[in-house]
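# Structural overview for review
What follows is each chain in one-letter form.
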Amino acid sequence: LLVVLPASRNSLVNAALDLHYDRGIMIHRWLGRLVLLLVLVHTVLYIPDWAAARKRVLTNANLWGTVATLACAFLTATSLGRVRRRHFELFIYSHLSFFLFYIFTALHSWPAAMYVIAAAVVYFGDRLVRFVVGAWPRRTIEMSVKDGDVMVVRWPRHPLSRYHVGSYVFLNFPSLSFTQWHPYTLSSAPHDGALEVHIKKLGDHTARLLELARTHQSTWVRCDGPYGQVGLRHRRAETLVLVGGGIGVTPSIAALRDVYDHPSVHGLDDIDAPAAQDPYDTSARTRPRHRARTRLLWMVWVCGTRQHYAWFADVVARCARRARAYPKVYPQLRAHVYVTRDDALDDAQCEALSDYGETGNPKKATSNKARAKARIAPAHIVVHKGRPDMFLAFEKIERDMLRVHKSEAARRGEAPSDAPLAAVIACGPDALVNATWDESVLRSLNGKNNCRFALHHELFNF
């Protein structure tokens, strides 16, 4: 029963504990391994008893217990990360062998039957809710393919659906398969009238999905979710740091849209007027639950080529335009894009792709006054060639944090805090996330500037 509860997407226990599915599934996995360990210990400890009493080993109860043990071992082996990520369909279908484990566990020991029945109630109740929510397909309003084998899928959101930055959905495309459901992080903001995901070609299923997008302008999609959210109140932090690698930048894009796509909240006209073009874009008529307190937003995005940067270049540019148009309303934006696998990219092309606004590049300023003005400009988009040095990146983040914090404290007529706080959202390759994690923890514990960093990193351990 304890193994099933955290793996349920619609569990009342998880809701009461505020335990989201992506965290619950990690607990589920470790509890499953603990169960296998206990089963093996149980078997080993009974061997001396059988030998001393000279009992017949191959009784019905022992046979059922052996089948349950083998099913548990098979479940654990096919759930390992290497198998789960490389052969997701094998993992999904082989996981159905848990029925064998529970059935033969009940046959092996009748006192365990009550727990098996309770687990079955939780499991089938969760499946019923998921079936009702995701049973009715919706027609996509956009299905397009971008350079770098990435496709964009948008479909109308359900009127009752609520989600947050970092939420994800399980999608099924009936035209490909009626039984395959795969998780994708939402790149749309919580206030948008349509849900949006960006799907990168990583396996057989996504390859067939991209081929479908190349030959069809629209298709039917079934959606289970959204589930999960960022584990911190990013809108309440004075500084927000977004770190993304490759397609793992989608939570960062959702956070960008969440912060910058609320012009009507402050009685402003949308300089890009998206609502007039897209009936599903509600950014100009929906109020967020809380006004963003963020005054500085730092973004570090590591991508392979210039074509990968083009996936969200328009979103980043739109946020920069809004930051420049209304500097007293929107937070300062510092977006740093690192291109790692484009050999043809040189310094001149990086400069051409960058956008410093009217103040220009601070490094090319001709006077100290112009350089100081450029450094406090409302928005910078800087494109680099190579990989980021997170130590140097956090040095710059701390410098900007202190400057913005002192400026905001002076504006409010207050004394600056001894330890300004930044919210950090990281998603991407392990090396990038771990480097961000190390810098956040070390600087929070013994940093020379007394800056604190609250980190949330995406797990993606489905």
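To be clear, the structure that these remarks concern was listed above.
Now for a quick tour of the structure. (Residues numbered from 1 in each chain as written. Predicted model: local features only at pLDDT ≥ 70, side-chain atom pairs only at ≥ 80, totals over all residues. Heavy atoms only, no water.)

### Overview of the sheet that holds strand 3 (residues 150-156)
Sheet architecture is open: three strands sit in the order 2-3-6, paired in antiparallel fashion. The open sheet has two free edges, formed respectively by strand 2 (142-146) and strand 6 (194-200), since each of these has just one partner strand. The mean angle between the axes of side-by-side strands here comes to 15 degrees, regardless of whether they run parallel or antiparallel. In this structure, strand 2 lies alongside strand 3, joined through five bridges in antiparallel fashion. The partner of Met143 across the bridge, within strand 3, is Val153. (Pairing = 2+ DSSP bridges. Helix = DSSP H or I, 4+ residues; strand = E, 2+ residues; numbered from the N terminus. Axes fitted to C-alpha atoms, helices over the stretch in contact; angles between N-to-C directions.)

### Thoughts on the sheet that holds strand 7 (residues 220-227)
If you trace the four strands from one edge of the open sheet to the other, you get 1-7-4-5, paired in antiparallel fashion. Looking along the sheet, the strands with just one partner apiece sit at the ends: strand 1 (138-139) and strand 5 (182-185). Here strand 1 pairs with strand 7 via two bridges, running antiparallel. Across the sheet, Arg138 pairs through a bridge with Val221, a residue of strand 7.

### A few points about the side chain of His191
Residue position: His191 is located in the loop between strand 5 and strand 6. Only 3.5 Å separates the side chain of His191 from the side chain of Asp192, close enough to count as a polar contact. (Polar contact = N/O pair within 3.5 Å; in protein donor to acceptor, adjacent residues only side chain to side chain.)

### A word on the packing of aromatic side chains
Here the structure, examined in full by the defined rule, presents 16 aromatic pairs. Between the aromatic rings of Trp64 and Phe104, the centroid separation amounts to 5.6 Å while the plane-to-plane angle is 45 degrees, which identifies the pairing as tilted. Of the two residues, Trp64 is situated in helix 3 (residues 60-78) and Phe104 in helix 6 (residues 98-108); the sequence distance between them amounts to 40 residues. In this structure Phe104 comes out as buried when scored by relative accessible area, which is 17%. Ring geometry for Phe99 and Tyr123: centres 5.9 Å apart, planes at 85 degrees, overall edge-to-face. Note that Phe99 is positioned in helix 6 and Tyr123 in helix 7 (residues 113-134), a separation of 24 residues in sequence. (Phe/Tyr/Trp six-rings, centres within 6.5 Å; stacked < 30°, edge-to-face > 60°. Buried < 20%, exposed > 50% of the residue type's maximum accessible area, 1.4 Å probe, protein only.)

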